[in-house]
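Coordinates in review
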Amino acid sequence: MHPVSDFRSDTVTRPSAAMRRAMAEAEVGDDVLDGDPTVSRLERAAALWLGKQGALFVPSGTMANQVALGAWLVPGDEIIAERSAHIVCFEAGALGFLHGAQSQTVDAPTGEISLAQFERAMRPVSIHCPRSRLLCVEQTFMGSGEGPGGCVVPPAHMDALCARAKALGLAVHMDGARLANAQVASGVPASRLAAGADSVSLCLSKGLGAPVGSVIAGDLEFLERGRRVRKRLGGWMRQAGVLAAAGLLALEQNVARLAGDHALAREVARVLAQVGGMDCDPAQIQTNIVFARVQETGRDALQWSKALERHGVRVMALGPMCLRLVTHLDVGPADVERLDQALRACRSS
C-alpha cells in the first residue's frame, strides 16, 4: 500500500504497543456502580496535573466542554468567547441545543481577548438582557486561519482576564484540549496555566496519543454538578478502566515528547513557506498547528488538499483559502519530506 502522511489532525494518532498492553491489563470495575480503580487513578492524576480538586473522565473533548457548560449555565444565560472558539463553532450548536444558552463573541486571532473587548461584551444587568455568566477561553488557542494556529495565551494575560471576569461575577471555563502543548511550549506547568480557570478540560486523544477520552476538572462543588450533567449526556461509562489506562500512560509518558511535534511543525512551515503561492511564516509557529494561506489564483484550499492526497499527503482545508497541518506522534521527518515532494509535484502539475 502506498504510504500516507496524515497531517489533518493530532486526533489521528494510534495507540502504541505499550498503550495497548496497558489497556489489556487494566484493572477495571463498574465505574457507575462501585467505581473503576483505573478511572479513579486517572482522575486523581489529572486533577493533580491540572491543579484542581478533582476531575471527571469523559469520552470526548466536546463532552468535557459540554459538561462544564451544563454545570455553569441555566437557560437564558450567555457566554463570552472568541469568535472561532471550539465551543462556539465546532460542537454542533450544543450550547443552545443542550443548555438553552447563547454566545457573545469577540475577535482575537491569537486567543488573547483584551480586557476592553471582554468588558464591551458584558451585558448590562437588565431584565431585557441575557445574563453574562461564563467566560470561555482556550489554551492553546487553535485559531481559524486568520492568525497563527496553536497559540499559547501568555499566563499573565490569562490571569488578568480571568481575574477581571471573576470580579464582574463570571465563572471561567478553559478549553484546554491542547493544554499539554501549551505547557511544553511555554515551560509553564499546566496547573499554573489553568490557575485562573474555575473549570478546565484536557484532551487525552490529541497529541498525548490516547485512542479516546478527555477529563474535565474543577472544585468539588463544580464536579458534583458536572457528574449530573455527564450522566444526562450518557458519558458515565462502565468498565472504562480499559480506556483510562491509555489516558494514564498518555499523561505520564507523552507530555515531554510534544517538543518534538513542535519542532516538526516548524519544519512543516518551512517547507510550506518555500512553495510559491503559500503564506506561512515558520517564526509564528508556537506548538503543533500550522496554517498555510493560499494566495495564488486558480486553486483553492480544497483543491490543494485533494491534489496533495493524490500524492500520499493528507491535510485539512480550513475554509476556502487556508490549509491546516498538525504534527503528532505518528508523523516524522520522512513525512515532512513526503510533503515537500508532494507540494513540488502539485506545483508542477
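Refer to the structure above for everything that follows.
Residues numbered from 1 in each chain as written. Predicted model: local features only at pLDDT ≥ 70, side-chain atom pairs only at ≥ 80, totals over all residues. Heavy atoms only, no water.

Moving on, we get to the nonpolar core. In this structure, W49, F57, F118, L135 and L179 are the most contacted members of the largest nonpolar core, which totals 53 residues. Not counting residues up to four positions away in its chain, the partners in contact with F118 are I80, I113, L135, L161, R164, A165, L168 and L170. By size, the runner-up hydrophobic cluster in this structure holds 28 residues, among which are A292, A301, L308 and V315. (Core = buried A, V, L, I, M, F, W, Y, C linked by side-chain atoms within 4.5 Å. Buried < 20%, exposed > 50% of the residue type's maximum accessible area, 1.4 Å probe, protein only. Contact = heavy atoms within 4.5 Å.)

Attention now moves to the side chain of S205. When you line up the elements, S205 lands in the loop between β7 (199-203) and β8 (214-218). For S205, a relative accessible area of 14% corresponds to the buried category. For S205, the residues in contact, after removing those within four places along its chain, are D10, T11, T13, A210, P211, V212 and G213. (Helix = DSSP H or I, 4+ residues; strand = E, 2+ residues; numbered from the N terminus.)

Turning to the environment of A165, a few remarks are in order. Mapping A165 onto the fold places it in helix α7 (residues 155-167). Given a relative accessible area of 0%, A165 falls into the buried group. Here the alpha-carbon distance between A165 and N288, two residues 123 residues apart in the chain, equals 29 Å. If we skip the residues at most four places from it in the chain, A165 touches F118, L135, L170 and V172.

Another point: the sheet that holds strand β10 (residues 289-294). With respect to topology, four strands assemble into an open sheet ordered β9-β10-β13-β12, the strand pairing being antiparallel. The open sheet has two edge strands with one neighbour each: β9 (278-279) and β12 (316-317). Taken together, the two bridges between β9 and β10 define a ladder with antiparallel strand orientation. Of the residues in β10, the one forming a bridge with M278 is V294. (Pairing = 2+ DSSP bridges.)

The next thing to look at is the pairing of β8. Counting buried positions over the five residues of β8 gives five, a clear majority of the element. Across five bridges, the pairing between strand β2 (residues 54-58) and β8 is antiparallel. Residue pairing in the sheet places V58 in a bridge with S214 of β8. Across five bridges, the pairing between β7 and β8 is antiparallel.

Treat this as a map of the structure, not an account of what it does.
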